[in-house]
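Given next are the chains, with one letter for each unit.
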Amino acid sequence: MIGEITVGALLAFIQLLNHVVWPFSGLAQVWGTTQESLSACERIFRVLKEKRQFTSFPEALAAFQESNHISVDKVSFSYDEGNRKILNDISLEVKENQFVAIVGHNGSGKSTIFKLLLGFFPYSGMIKINNKNTNEMTYGELMQYFSFVSQDQYLFSGTVLENIRYGNLQATETEIKTLLKNLKFDDLINHLPNGLAIEVGEGGSGLSGGQRQKISIARAILRDAPIFLFDEATSALDYQSEEQIQEVLLNFKNERITLVIAHKASTIKQVDYIIVLDKGEIRAKGSHNELMNKDAYYRDLYKEYAAGETV
Ligand SMILES: Nc1ncnc2c1ncn2[C@@H]1O[C@H](COP(=O)(O)OP(=O)(O)O)[C@@H](O)[C@H]1O
Ligand SMILES: [Mg+2]
């Protein structure tokens, strides 16, 4: 009969209608995801296209054969285009194999100096490594110079072993275990269930602050670059581990430049050269003994650090 439909046919019709409607509602979802992906791609491409004058990679390797040195010449910097100067007219030289500590109160601009060395932000003035302006290096070339432990460690999702191996993809598990033993970081192997094969989770959420620092330090040391940058790398570690790392770094002293941002009186006392930063300006430079003799600001700062340690 015309205009009538059986129950079965109606159900079949509804069922089939779903097949027609679904692609359209699905399309809306796909469209949303596509838009998100496109904007993510745009951000990635913006970084990749970031202007840097290209020079060839082998040149960077050749540079390693030279004795390494860093020169920072009249560098000024602001995070907000000149409104507030974070670094003001910074000039310093770091010579071959020198072990240097940058000290100063919180917010004086210590971490920012490292970020500029690493080419994270544009600045006025000039930074040279081995007489070459770092602004004329590609990121790849510039990064070849540095083993960096940042103040806030970043771990990738993957195992502890993989996270350390990012420092040197050629390193074997045995080499990494030996390094950890030398650093007396055995707890990374022994105390974690599964040893080095344990998943750290995005950002290292499954680990303690001290364990994250140890992984970052091991990664940097495994990388074995000509310049070490350690930004308060041992702040979450106990006294013994700190001493151990200090010893390891001092052992490297004759092979590379080491720059540390440190708050530890016993660390500072042992370095070759100290740069005292105050509100973005270099207040004094010299050895611990020189500074103790000539600079009241440093004397107070050192007393503060030393007092902090006995607590
Ligand atoms: N990404 C940023 N954007 C804006 N201001 C920043 C940023 N990072 C640091 N600063 C500011 O720059 C100053 C110096 O910071 P920083 O170099 O981290 O000091 P330090 O390492 O000596 O504690 C501080 O006043 C800080 O608030
Ligand atoms: Mg800092």
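Just so it is clear, the structure is predicted and the values come from calculations on it, not from any experiment.

Here we take up the overall build of the protein chain. When helices and strands are counted, the protein chain shows twelve helices and ten strands. A compact globule built from 311 residues would reach a C-alpha radius of gyration of about 19 Å, whereas the protein chain, at 27 Å, exceeds it by more than 25%. On the principal axes, the C-alpha backbone points of the protein chain span a range of 110 × 50 × 40 Å. The proportion of buried residues among the 311 residues of the protein chain is 43%. When contacts within the protein chain are restricted to residue pairs at least 6 apart in sequence, those whose partners lie at least 24 apart make up 67%. The averaged location of the 38 negative side-chain charges in the protein chain is 4 Å from the averaged location of its 31 positive side-chain charges.

Okay, the site of ligand 1 next. Around ligand 1, the surrounding shell consists of Tyr 79, Arg 84, Ile 86, His 105, Asn 106, Gly 107, Ser 108, Gly 109, Lys 110, Ser 111 and Thr 112. Interatomic distance of 3.2 Å between a backbone N/O atom of Ser 108 and an oxygen atom of ligand 1. Lys 110 places a polar main-chain atom, nitrogen or oxygen, 2.9 Å from an oxygen atom of ligand 1. Protein chains shield 64% of the accessible area of ligand 1, which is 560 Å² for the free molecule. With three residues, the single largest contributor to the shell around ligand 1 is helix α3 (residues 110-117).

Our next topic: the pairing of strand β1 (residues 70-78). Taken across its nine residues, β1 has seven buried, putting it largely inside the fold. Across six bridges, β1 lies against strand β2 (residues 85-94) in antiparallel orientation. Opposite Val 75, over in β2, you have Ile 90 as the bridge partner. By the bridge criterion, five bridges tie β1 to strand β4 (residues 124-129) in an arrangement that is antiparallel. In the sheet register, Ile 70 faces β4, and the bridge partner there is Ile 129.

Ligation of the magnesium ion (ligand 2) by protein atoms is provided by Ser 111 (OG) and Gln 151 (OE1), these donors lying 2.0 to 2.3 Å from the ion. A residue pair is termed long-range when its members are at least 10 positions apart, and Ser 111 in helix α3 and Gln 151 in the loop between β6 (146-149) and α5 (160-165) qualify at 40 residues. With relative accessibility at 17%, the residue Ser 111 sits in the buried group.

Let us now look at a nonpolar patch on the surface. On the surface, Ile 5, Val 7, Leu 10, Leu 11, Phe 13, Ile 14, Leu 17, Val 20, Val 21 and Phe 24 cluster together into a nonpolar patch covering about 1,000 Å² of accessible area. Following the sequence through the fold, Leu 11 ends up in helix α1 (residues 7-49).

Attention now moves to the packing of aromatic side chains. For any pair of aromatic rings, geometry is given as the distance between the ring centres together with the angle between the planes. Overall, the coordinates contain eight aromatic pairs when judged by the stated rule. With a centroid separation of 5.5 Å and 40° between ring planes, the pair formed by Phe 77 and Phe 121 is classed as tilted. Of the two residues, Phe 77 sits in strand β1 while Phe 121 sits in the loop between α3 and β4, which places them 44 residues apart along the sequence. Ring geometry for Phe 156 against Tyr 166: centres 5.0 Å apart, planes inclined by 70°, an arrangement best described as edge-to-face. With Phe 156 in the loop between β6 and α5 and Tyr 166 in the loop between α5 and α6 (173-182), the pair connects residues that are ten residues apart, well separated along the chain.

Now for a negative patch on the surface. A grouping of Asp 73, Asp 89, Glu 93 and Glu 281 is seen on the molecular surface, where their side chains present a negatively charged patch. Within the fold, Asp 73 resides in strand β1. Owing to a relative accessible area of 40%, Asp 73 belongs among the partly exposed residues under this scheme.

Strand order in this open sheet of four strands is β2-β1-β4-β5, and the pairing throughout is antiparallel. Sheet topology places β2 and β5 (132-133) at the edges, where each strand pairs with a single neighbour.

So, how was this worked out
- Residues numbered from 1 in each chain as written.
- Chains lettered and ligands numbered in written order.
- Predicted model: local features only at pLDDT ≥ 70, side-chain atom pairs only at ≥ 80, totals over all residues.
- Heavy atoms only, no water.
- Helix = DSSP H or I, 4+ residues; strand = E, 2+ residues; numbered from the N terminus.
- Rg over C-alpha atoms; globule rule 2.2 N^0.38 Å.
- Buried < 20%, exposed > 50% of the residue type's maximum accessible area, 1.4 Å probe, protein only.
- Contact = heavy atoms within 4.5 Å.
- Lys, Arg positive; Asp, Glu negative; His and termini not counted.
- Charge placed at Lys NZ, Arg CZ, Asp CG, Glu CD.
- Near = heavy atom within 4 Å.
- Polar contact = N/O pair within 3.5 Å; in protein donor to acceptor, adjacent residues only side chain to side chain.
- Areas by Shrake-Rupley, 256 points an atom, 1.4 Å probe, with all protein chains shown as cover.
- Pairing = 2+ DSSP bridges.
- Donors = N, O, S within 2.8 Å, 3.2 Å for Na, K, Ca; no water.
- Patch = residues over 30% accessible without salt bridge, like charges linked within 9 Å, V, L, I, M, F, W, Y side chains within 5 Å.
- Salt bridge = Lys/Arg side-chain N within 4 Å of Asp/Glu carboxyl O.
- Phe/Tyr/Trp six-rings, centres within 6.5 Å; stacked < 30°, edge-to-face > 60°.

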